[in-house]
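If you want the building blocks of each chain, they are given just below.
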Number of protein chains: 2
Amino acid sequence: MAITSRDVARLAGVSQPTVSRALRDDPRVSEATKAKVRAAAEQLGYVPSEAGRALSSGRTRRIGLLITDIENQFYTHIIAPVHLQLERLGYQLMLHTETADNDTIVERLIANGLDGVILATTTVDSVVPLRLRDHGLPFVYFNRTTSFVDADATVVEPTAGFEAAVSRAVALGHTRIGAVLGPSNTSTAQSREVALRAALATNGLSLSPDDIRRGPFDTRTGDEATTSLLSQPSPPTLLFCANDVVAYGALNAASRRGVSVPGDLSIVGFDDLPAASWPIIELSTIAYDLTAMAGEAARLITRRIEQPDASVLHVEYETSFVERRTLSSAPLSD
Amino acid sequence: MAITSRDVARLAGVSQPTVSRALRDDPRVSEATKAKVRAAAEQLGYVPSEAGRALSSGRTRRIGLLITDIENQFYTHIIAPVHLQLERLGYQLMLHTETADNDTIVERLIANGLDGVILATTTVDSVVPLRLRDHGLPFVYFNRTTSFVDADATVVEPTAGFEAAVSRAVALGHTRIGAVLGPSNTSTAQSREVALRAALATNGLSLSPDDIRRGPFDTRTGDEATTSLLSQPSPPTLLFCANDVVAYGALNAASRRGVSVPGDLSIVGFDDLPAASWPIIELSTIAYDLTAMAGEAARLITRRIEQPDASVLHVEYETSFVERRTLSSAPLSD
């Protein structure tokens, strides 16, 4: 059985509330009693429970990171930097995984006594930000945002990356460009689509509806979309993918069909995850400082908790284009 | 500000303890009062805090999954199946990430009011199992175990997989076989090394000390070890890697040096992670049912919580060899 404050009280010869008061250094308890209680607690190996401490102080120094899309590889890369930054700031990370986006999530977040939450997979139609605001639980957006509830956020600004990538693609002779876009109900898929279309327009190009596919941010989307796009009589020579994970799927589809990358098909991702630079992958992609952005989300949530009235901050991360093996000259047309 | 039970008490015109009792359906509260309290709680959007509930019931239905090795990609694949199985059993997953293995971890696990813990990255010299046992907090081992504290565990039995892989390698003409082994202080690296050496011995082969490298379970280990092994005048023709992530690093090293896989070098992994079967990777590897094993760890910890005196279970998962592109005939010697 776990040691409780009752056991400590018995050994120290004091009441149970005195144990709690002594261990949180309450001035109403004499120094002699505190010493006695501490000795008893140490002897028994007693650790005060967070539940009891939270009820007395109102603070737990626990931050939730909410991920509803737990199969998505992208999010695994933000756990370590968020953890490390929170640890530096004296807070603890609790990863909350959920399979659906609904009111139950909010009840759990609140019931778990968190000081604040980092929302990492918000869809634009999510009820979570609204409910958290109504309950007064501080939160920040990581990467994805919603327009109807304003809050601190770290976001990617994709314009510069797409401008550089499209301009390089045009220089390499690509004119027939396709896209595997992310889900319409995410701000990230929306902003990347806008930036891609704008960069194409600047170069006198556009996305033909035949050359667009759309789906969740996973390898299966990239695989199925690319298979479908490549089955057209005259397919695009370059695909912009919603993110790197989708691009890995596109590479798999090309490999399975014997389509040479980049000889017959060039592929560009988004995120520059660690595997994108692996010699066996060498994916051209749009990059930004994901680690810094994850750490900044940690900084923003602790700032919001400690300064509830601070002005709302949107921290933008600039993008650049990283050219690797999967982009080359457009094949000569037949 | 968050709504508290005090606000509900004021609106319902009852005392604060009555609110708590009414909301947990305590028989000492009349049905009329319960209805009044529920109506007030609903009107205010009040959610009872877990801290308060935990103090009254002693149970939180929260299970911690402890991962001290948060950069290791392997663990990201177990989060979803553990989460789903716990949800089915009516428990909630809290991922605890830590960067070091020491007493602080144990204090945090206990302080966070968990009902139980799944240990996923235990080293054989870890103090965590000992401390959890002393504090009476139920735990199970996932994958890695220690010999000095017995507890429920789900483990991989690597023998059959290595026997099949080595016997196939020998049939393909490999006699000079190297290994990139995992850290000596993990039970998984130990059991795989024993199984590999036994399978080689059965076939009249052994690992030459020159052909062994060792390091953490990450791509960097595979990359550096393979670079070092390939720089020998006459390198091994086949490398067994500690796991798939290490094998990806081996593939990268071979690719960077222009060494053909499998023409000049065959590579075998362990785990059969999703990417191992990607057309752009096609890694030969030793497989087992990782998803079932993760779900079983969830089942074991809830069983231990609900039946503290049940007999200790070690659930073993059998392995098999999955042959893919990265294994082929040994090159003819010069």
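- Going by the annotation in an unreviewed UniProt entry, the name recorded for chain A is LacI family transcriptional regulator, with Subtercola vilae given as the source organism.

1. Structural notes on the overall build of chain A
Next, step 1: Scanning chain A for helices and strands turns up 12 helices and 12 strands.
Next, step 2: Taken along its principal axes, the extent of the C-alpha atoms in chain A is 95 × 40 × 30 Å.
Next, step 3: The proportion of buried residues among the 334 residues of chain A is 56%.
Next, step 4: The long-range share in chain A, meaning contacts at least 24 apart out of those at least 6 apart in sequence, stands at 72%.
Next, step 5: As presented, chain A carries roughly 13,600 Å² of accessible surface, and 50% of it is formed by carbon and sulfur atoms.
Next, step 6: Positive and negative side-chain charges of chain A, numbering 31 and 39 respectively, have mean locations separated by a distance of 8 Å.

2. Examining helix α8 (residues 159-171) of chain A
Residue and element names in this part refer to chain A.
Next, step 1: An ideal rise of 1.5 Å per residue puts 18 Å on 13 residues; α8 measures up with 18 Å between its terminal C-alpha atoms.
Next, step 2: Within α8, burial applies to Gly161, Phe162, Ala165, Val166 and Ala169. Here the buried residues of α8 occupy an arc of 115° about the axis, which is enough to place them on one side.
Next, step 3: Gly173 occupies a position one or two residues after α8 and carries a positive phi of about 95°.

3. Some words on the side chain of Glu193 of chain A
Next, step 1: Along the chain, the position of Glu193 of chain A falls in helix α9 (residues 187-202).
Next, step 2: The contact partners of Glu193 of chain A, leaving out residues within four places of it in the chain, are Leu181 and Arg214 of chain A.

4. Remarks on the sheet that holds strand β10 (residues 284-287) of chain B
All names here are of chain B.
Next, step 1: An order of β7-β6-β8-β9-β10-β12 is seen for the six strands of this open sheet, with the pairing classed as mixed. Two strands in the sheet have a free side with no partner beyond their single neighbour: β7 (212-214) and β12 (320-322). In this sheet, neighbouring strand axes are inclined to one another by 20° on average, regardless of whether the strands run parallel or antiparallel.
Next, step 2: Pairing of β10 with β12 involves three bridges; the strand directions are antiparallel. Pairing of Thr285 across the sheet is with Val322, part of β12.
Next, step 3: Strand contacts of helix α11 (residues 244-257): β6 (177-181), β8 (238-241), β9 (266-270) and β10, with the helix running at about 155° to β9, the strand carrying the most contacts.

5. So, the domain arrangement of chain A
Residues and elements named next belong to chain A.
Next, step 1: In terms of domain boundaries, chain A breaks down into domain 1 (5-57), domain 2 (62-156 + 290-317) and domain 3 (158-288).
Next, step 2: Domain 2 and domain 3 are separated by 28 Å when their C-alpha centres are compared.
Next, step 3: Residue-level contacts link 13 residues of domain 2 with 15 residues of domain 3.
Next, step 4: Roughly 1,300 Å² of surface becomes buried between domain 2 and domain 3 when both sides are summed, with 60% attributable to carbon and sulfur atoms.
Next, step 5: Joining domain 2 to domain 3, the criterion identifies zero salt bridges.
Next, step 6: On the surface where domain 2 and domain 3 come into contact, there are three residue pairs in polar contact (both at pLDDT 80 or more).
Next, step 7: Taken together, the residues of the side of domain 2 that touches domain 3 break down into five nonpolar, six polar and two charged.

6. What to know about the packing of aromatic side chains
Next, step 1: Per the counting criterion, the structure on display carries 12 aromatic pairs over all chains.
Next, step 2: The interplanar angle of 25° and the centroid separation of 5.8 Å between the aromatic rings of Phe162 of chain B and Phe270 of chain B together place this pair among those described as stacked. With Phe162 of chain B in helix α8 (residues 159-171) and Phe270 of chain B in strand β9, the pair connects residues that are 108 residues apart, well separated along the chain.
Next, step 3: Ring plane angle 40° and centroid distance 6.0 Å describe the contact between Phe270 of chain B and Tyr288 of chain B, whose orientation is recorded as tilted. Pair noted here: Phe270 of chain B is in strand β9 and Tyr288 of chain B is in the loop between β10 and α12 (290-306), with a separation of 18 residues, a long-range link.
Next, step 4: For Phe270 of chain B, a relative accessible area of 0% gives the class buried.
Next, step 5: Grouping aromatic residues by their ring pairs yields a cluster made of Phe162, Phe240, Phe270 and Tyr288 of chain A.
Next, step 6: The ring of Tyr91 of chain A has Arg61 of chain A sitting right over it, with the charged end atom 4.2 Å from the ring centre.

7. Some remarks on the pairing of strand β4 (residues 139-142) of chain A
The two faces of a sheet get side chains in turn, since along a regular strand they alternate between them.
Residue and element names in this part refer to chain A.
Next, step 1: The alternating pattern of β4 places Phe139 and Tyr141 on one face and Val140 and Phe142 on the opposite face, and all of these are buried.
Next, step 2: Relative to β4, strand β3 (residues 116-119) runs parallel, the two sharing three bridges. Residue pairing in the sheet places Val117 in a bridge with Phe139 of β4.
Next, step 3: Regarding topology, helix α7 (residues 128-135) serves as the crossover connection from β3 to the parallel β4, and that connection is right-handed.

8. Concerning unusual backbone geometry
Next, step 1: Of note, the bond from Val261 of chain A into Pro262 of chain A is cis; its omega dihedral lies within 30 degrees of zero at 5°.
Next, step 2: Structurally, Pro262 of chain A can be placed in the loop between α11 (244-257) and β9 (266-270).
Next, step 3: The backbone of Arg61 of chain B sits at a positive phi, close to 55°, despite the residue not being glycine.
Next, step 4: Inspection of the secondary structure puts Arg61 of chain B in the loop between α4 (50-57) and β1 (62-67).
Next, step 5: Classification of Arg61 of chain B as partly exposed rests on a relative accessible area of 35%.
Next, step 6: The phi angle at Asp271 of chain B is positive, at roughly 125°, despite the residue not being glycine.
Next, step 7: With respect to the helices and strands, Asp271 of chain B occurs in the loop between β9 and β10.

How each quantity is defined
Residues numbered from 1 in each chain as written. Chains lettered and ligands numbered in written order. Predicted model: local features only at pLDDT ≥ 70, side-chain atom pairs only at ≥ 80, totals over all residues. Heavy atoms only, no water. Helix = DSSP H or I, 4+ residues; strand = E, 2+ residues; numbered from the N terminus. Buried < 20%, exposed > 50% of the residue type's maximum accessible area, 1.4 Å probe, protein only. Contact = heavy atoms within 4.5 Å. Areas by Shrake-Rupley, 256 points an atom, 1.4 Å probe, with all protein chains shown as cover. Lys, Arg positive; Asp, Glu negative; His and termini not counted. Charge placed at Lys NZ, Arg CZ, Asp CG, Glu CD. Expected span 1.5 Å × (residues − 1). Arc of directions from axis to C-beta. Pairing = 2+ DSSP bridges. Axes fitted to C-alpha atoms, helices over the stretch in contact; angles between N-to-C directions. Domains from an automatic or database assignment. Buried area = accessible area lost by both parts, 1.4 Å probe. Salt bridge = Lys/Arg side-chain N within 4 Å of Asp/Glu carboxyl O. Polar contact = N/O pair within 3.5 Å; in protein donor to acceptor, adjacent residues only side chain to side chain. Nonpolar A, V, L, I, M, F, W, Y, C, P; charged D, E, K, R; others polar. Phe/Tyr/Trp six-rings, centres within 6.5 Å; stacked < 30°, edge-to-face > 60°. Lys NZ or Arg CZ within 6 Å of the ring centre and 35° of its normal. Right-handed = clockwise from strand over helix to strand, strands pointing away.

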